[in-house]
Amino acid sequence: MNLMTWLRAHQRALLFLCALLTLGGVASVFRLPVALFPDVQFPRVVVSFDAGDRPAEQMMLQVTRPAEEAVRRVPGVRDVRSATTRGTADVSVSFDWGTDMRRAALELSSAVSQVLPTMPVGTTIDLRRMDPTVFPILAYSITSNSILLPKLTDFASYQLRPMLSAVASVANVSVIGGAQEEFHVDVDPLKLHHFGIPLQDVVKAVSAANVVSAVGRLEDHYKLFLVIGNTQLQSEQSIADVAVKSVGNAIVRVRDVGSVSRATEPNWTSVTADGHEAVLLNIYQQPDGNTVQIADSVKQLLDDYRSQLPAGVSLANWYDQSDLIQSSASSVRDAILIGVILAGAVLFLFLRNARIMLVTLIIVPCVIAISVLLMNVWGMTFNIMTLGGIAAAVGLIIDDIIVMLEHLFRRIEESGAADLRARIDAATHEFARPLMSSSAATLVIFAPLAFLSGITGAFFKALSLTMVIGLTVSFAATWFIVPLISEQLLKGSAVQQRHNAGLGDRYDKLLSAALTRPKLVLLGVLPLLIVGGLAYTGVGSGFMPSVDEGGFVLDFRSPPGTSLTESQRLLAQVEQILRDNPNVDTYSRRAGIQLGGGITEAFEGDFFVRLKATDREPIEDVMDDIRSQLEATVPGLEVELLQLMEDLIGDLTSVPQPIEIKLYSDDATALASTAKSVAAAIAKIDGVVDINNGINPAGDAIEVNVDRAAAAFLGLDADTVTKAVSDALAGSVATQIPTGPKMIGVRVWLPANARDMEQKLAKLPISAPDGRIVTLDRVASLQTVSGQPQIARENLKRMNAVTARISGRDLGSTIADLQQTLKQPGLLPPGMYYRLGGLYQQQQIAFHGLVIVLLAAIALVYLLLLFVFESFLTAAVILAMPLLSLPAVFLGLWVTGIELNISAMMGLTMIVGLVTEIAIFYFCEFEALPADLPLHQKLLLTGHNRARPIVMSALAAILTLLPLALAFGAGTAMQQPLAIAIIAGLIAAVPLVLLVMPVLFAVVKSGTTAAARA
């Protein structure tokens, strides 16, 4: 029993199984998790330390260095990088890709915990695994012109946050910005002095007056009572009535020494949205969450709740990650539909049979649906890589179907439809070997990608696995299902004798002429090699393809030490520029806090700017325009503009900037001066923007240097003095009062007008143990010191990183100019050396890995060809065709202005398999002809039979990939370089396989035969 007999015997079961799997795939479309990135464990953990406000050098010695040495001993650690500033330190630990990061995080936590007791008392740690879920997927702003900010904060925290936290797969809802209510007891220092009361006594009195506790139980007859002592404070009046001290027959109350008011906690951050003070809601998803489903659920929940919003409250969405995902899915869907329709048109154009075209329109959706089902089984997600993989695979899926249908059709044309079943049986049997061999040639190139590491491997493994699934399903459907459906649809009068005689005759004449002039044909390949070589030197290089995300991040930094008020004045100018730009839809701004919620200095922060969905300029042009306006009109403000996905990937892999020059030296002074010189030098390079010399000093500080002898003479010590200063400036939260769902603190401190100048700080009253009140300047001196710069280290070596971004140029040529600049004599002092990091380092790692993958793919293809044809000669001639197609890929990239990035390198690798697939079809036909035919006649007959399917399959694949190559929609830009590379390679492959390959084979075969005779 042959294959077709078995298939026909079970055709109802097979067709039902195909339909069942297709329905399962359709259902999986709605069940498969949707996210921006593949499910990747980024091998990076950040450990943050907070030890108060101690100097940076002291932090480095007491906290950072012990932490670095501890984490370095953890198995699998590759790099340790730290940044230390006043009171805080971040230690970034990188592992090898593929490390179990859950286990690694636990081992890091254990290592840090072991050295924590040796660090300053009170040091706290926070350990974070870096993965995409540490950044929000959805964000809203809450503004009002009539409701105060504390009320908005309460509304966000106690109404919206619990409601949104209940949405399935939501990990966290954070509230950023706003203001927290607080009772302030502003104590007059003169009145304290008059009554002889230390400030700390007021704090103790307020704390002791607000008590609620169980004091025992009382059994009275048949009841048991819990006795509760309750002296809770309720309002400003009750706080003001608290007794502090009795003086003679009088009681001194809080109101006698100060005033009580309802205010807000001290806050050194500022958040706005579209120019209004705002409270922001950031929504985070769980690792296995469905981004689009979460976004839809949150939007529906908020839409239903809008009618209950307090009057005057506005709720607006300013970031939605699902927009990019949905636009990517829509773009891929449209690309697939357009590609399938164009491929069907190719079939109809060549075969002139609507039913043949109908077979394609039935099989392709089935293959895609079953592929999605298998993706679901393997636990994959819909993301920008897998969606692109589906779109790119469609062209190859159609290729398999077309060559099978053309072969069936040709056999039916040759003998008519009288014995349709027998002709289909024979054609399917004939085509089994070419189909298996060609499919193996395409699939085998993906095998080396399993060993690809780094960000490239993490992302493109998802794309490759998607394509492997699609191509495997396509092979099975083409072999098992296409013959059965074709038999049903081509019965009766559906098939007529139709021939593409014109195409065949012209090709026969061309090939005959080529075989008689082999030298001329082979010399004709030289222009392709020369032009390809020139294109290779002219094409730029990059890392990840640029995607228009519809929004960008604007990081800013005003001069160190700038007050929040002054920073807001500068930022008002930035906001005006954004409002005046016709491309901007909405924006939010944070100062003293970051997009992800991390706290920073008051003079640092960021904007997120969302652009209009339609009728706007390209995002790179908008960013360049805003950057130039800011540089011209807001001097003193350093800015850096980047798209969010680029920022996200950069943060996950440690450094988001394309350019990073890491300078190494133990001489801090030399590092600082050299960093400034290097930054000035690279600023002259065309296209280098957003330069940061890496010197990040903290703001100025006022040091209180306690005179221990003078303090001891008055019965004081250094700790008492510094505590008194802290109570006066920062205040002391004496107690908390429950109010509704929250606790409101009671802060006791000096009034603002007693602590707003350095001179007033010197006259700060301090109570001595004997009741005397002395001023601070009697026991301490005040000194203003400049902020210490941040201390950066990498692998236990002091380092300063100069970073920059690129605008209007490719990464490769910019780095080449940068390397020439760094070779300038005297730029780096003796003993100092540099290394390049950033995205350029990631690009070099990726390119190195992809080159190895390309070479491995070539070797595996050659091995496969030896198995198929058992001939070194035939295998070598076939392999020459994809290698000769590679120059055309560089030419295609150069003509279209696309950089050679990791997506294009993937296309370069895939061309090896695709062109080999076409060549296999040719030689399988060649070997199927009688062996006694003369070589030239055999080649002519092979070409005559194979020309039409080769042209059809190549043209269909090109047209299917065309929507991706033209980047229809936001999501297709990631796969655009891959599509252009494949299209360029296929355009060159058709004449190479149909003309150059037969000529080359004839020349080599004739030479081999002559040598054997000799």
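Residues numbered from 1 in each chain as written. Predicted model: local features only at pLDDT ≥ 70, side-chain atom pairs only at ≥ 80, totals over all residues. Heavy atoms only, no water.

### Section: unusual backbone geometry
- One non-glycine residue, D274, adopts positive backbone phi at about 50°.
- Within the fold, D274 resides in the loop between β13 (270-273) and β14 (276-277).
- Note on D274: relative accessible area 33%, which makes it partly exposed.
- The residue D690 is not glycine, and still its phi comes out positive at about 50°.
- Tracing the sequence through the fold places D690 in strand β22 (residues 688-692). (Helix = DSSP H or I, 4+ residues; strand = E, 2+ residues; numbered from the N terminus. Buried < 20%, exposed > 50% of the residue type's maximum accessible area, 1.4 Å probe, protein only.)

### Let's talk about helix α28 (residues 872-896)
- Spanning 25 residues, α28 covers 37 Å between terminal C-alpha atoms, matching the ideal 36 Å at 1.5 Å per step.
- The opening residue of α28, the one whose side-chain oxygen lies 3.3 Å from the backbone nitrogen of L873, is S871. (Expected span 1.5 Å × (residues − 1). Polar contact = N/O pair within 3.5 Å; in protein donor to acceptor, adjacent residues only side chain to side chain.)

### Focus on the nonpolar core
- F459 and M881 are the most contacted members of the largest nonpolar core, which has 178 residues in total.
- Looking at this core element by element, the count peaks at 20 residues for helix α31 (residues 976-1013).
- Other than its neighbours up to four places away in sequence, F459 contacts F37, P38, F42, M385, M544 and I649. (Core = buried A, V, L, I, M, F, W, Y, C linked by side-chain atoms within 4.5 Å. Contact = heavy atoms within 4.5 Å.)

### Brief notes about the pattern of salt bridges
- Summed over the entire model, instances satisfying the criterion amount to 32 salt bridges.
- Residue R589 pairs with E575 through a salt bridge whose shortest N-O separation is 3.2 Å. A residue pair is termed long-range when its members are at least 10 positions apart, and R589 in strand β18 (residues 584-591) and E575 in helix α19 (residues 564-580) qualify at 14 residues.
- Overall, the relative accessible area of 4% leaves R589 in the buried class.
- One salt bridge connects R627 with D690, and the closest N-O pair in it is separated by 2.9 Å. Remark: D690 occurs in strand β22 and R627 occurs in helix α20 (residues 619-633); sequence separation between them is 63 residues.
- Because the salt bridges share partners, they merge into one network encompassing R81, E660, K662 and E794. (Salt bridge = Lys/Arg side-chain N within 4 Å of Asp/Glu carboxyl O.)

### Points about the environment of A752
- Secondary-structure assignment places A752 in the loop between β25 (742-749) and α25 (758-762).
- It is 97 Å that separates the C-alpha atoms of A752 and S512, two residues lying 240 residues apart in sequence.

### Focus on a negative patch on the surface
- Side chains of E617, E620, D621 and D625 sit close together on the surface and give a patch of like negative charge.
- Looking at where D625 falls in the secondary structure, it is placed in helix α20. (Patch = residues over 30% accessible without salt bridge, like charges linked within 9 Å, V, L, I, M, F, W, Y side chains within 5 Å. Areas by Shrake-Rupley, 256 points an atom, 1.4 Å probe, with all protein chains shown as cover. Lys, Arg positive; Asp, Glu negative; His and termini not counted. Charge placed at Lys NZ, Arg CZ, Asp CG, Glu CD.)

### Considerations on the environment of I852
- As for its position among the elements, I852 is in helix α27 (residues 838-869).
- On the basis of relative accessibility, which here comes to 46%, the residue I852 falls in the partly exposed class.

### Describing the sheet that holds strand β7 (residues 181-187)
- Across the sheet, which stays open at both edges, the four strands sit in the order β12-β7-β25-β24 with mixed pairing between neighbours. Each having just a single partner strand, β12 (258-264) and β24 (732-739) make up the two edges of the open sheet. Going across the sheet, the axis of each strand differs from the next one's by a mean of 25°, ignoring polarity.
- Sheet topology places β7 next to β25; five bridges connect them, and they run parallel. Looking at β25, one finds that V185 is bridged to V748. (Pairing = 2+ DSSP bridges. Axes fitted to C-alpha atoms, helices over the stretch in contact; angles between N-to-C directions.)

### Thoughts on α27
- In a regular helix each residue adds 1.5 Å, so 32 residues correspond to 46 Å; α27 covers 47 Å between its end C-alpha atoms and thus fits that length.
- Remark: E870 follows α27 within two positions and exhibits a positive phi of approximately 50°.

### Let's talk about the sheet that holds β18
- One open sheet accounts for six strands, arranged β14-β13-β18-β19-β17-β20; its pairing is antiparallel. Both edges of this open sheet fall to β14 and β20 (638-643), since each of them pairs with a single strand only.
- Sheet topology places β18 next to strand β19 (residues 604-611); seven bridges connect them, and they run antiparallel. Counterpart to S588 in the pairing with β19 is F608.
- In this fold α19 packs onto β13, β17 (551-557), β18 and β19, with an angle of close to 170° to the strand it touches most, β18.

### Description of the packing of aromatic side chains
- Throughout the structure, instances matching the rule amount to 16 aromatic pairs.
- A centroid spacing of 5.8 Å and a plane angle of 70° characterise the contact between Y922 and F923, whose relative ring orientation is edge-to-face. The same class applies to Y922 and to F923, which are both buried.
- Geometrically, the ring pair formed by F923 and F926 is edge-to-face, given 5.9 Å between the ring centres and 70° between the ring planes. Placement of the pair is F923 and F926 together in helix α29 (residues 902-928), with a separation of three residues, close to one helical turn.
- Exposure remark for F923: the relative accessible area of 1% places this residue in the buried category.
- Residue F926 is classed as buried on the basis of its relative accessible area of 8%.
- Through a chain of ring-to-ring contacts, three or more aromatic side chains come together here, namely F869, Y922, F923, F926 and F1001.
- Sitting above the plane of the Y664 ring, R835 keeps its charged end 5.6 Å from the centroid.
- In this arrangement the basic side chain of K938 is found over the ring face of F926, its NZ or CZ atom lying 4.5 Å from the centre. (Phe/Tyr/Trp six-rings, centres within 6.5 Å; stacked < 30°, edge-to-face > 60°. Lys NZ or Arg CZ within 6 Å of the ring centre and 35° of its normal.)

### Some thoughts on the pairing of strand β21 (residues 659-664)
- Of all six residues in β21, six are buried, a share of seventy percent or more.
- On β21, burial covers both faces: I659, I661 and L663 on one face and E660, K662 and Y664 on the other are all buried.
- Bridge count for β21 against strand β31 (residues 833-836) is four bridges, and the pairing is antiparallel. Counterpart to Y664 in the pairing with β31 is Y833.

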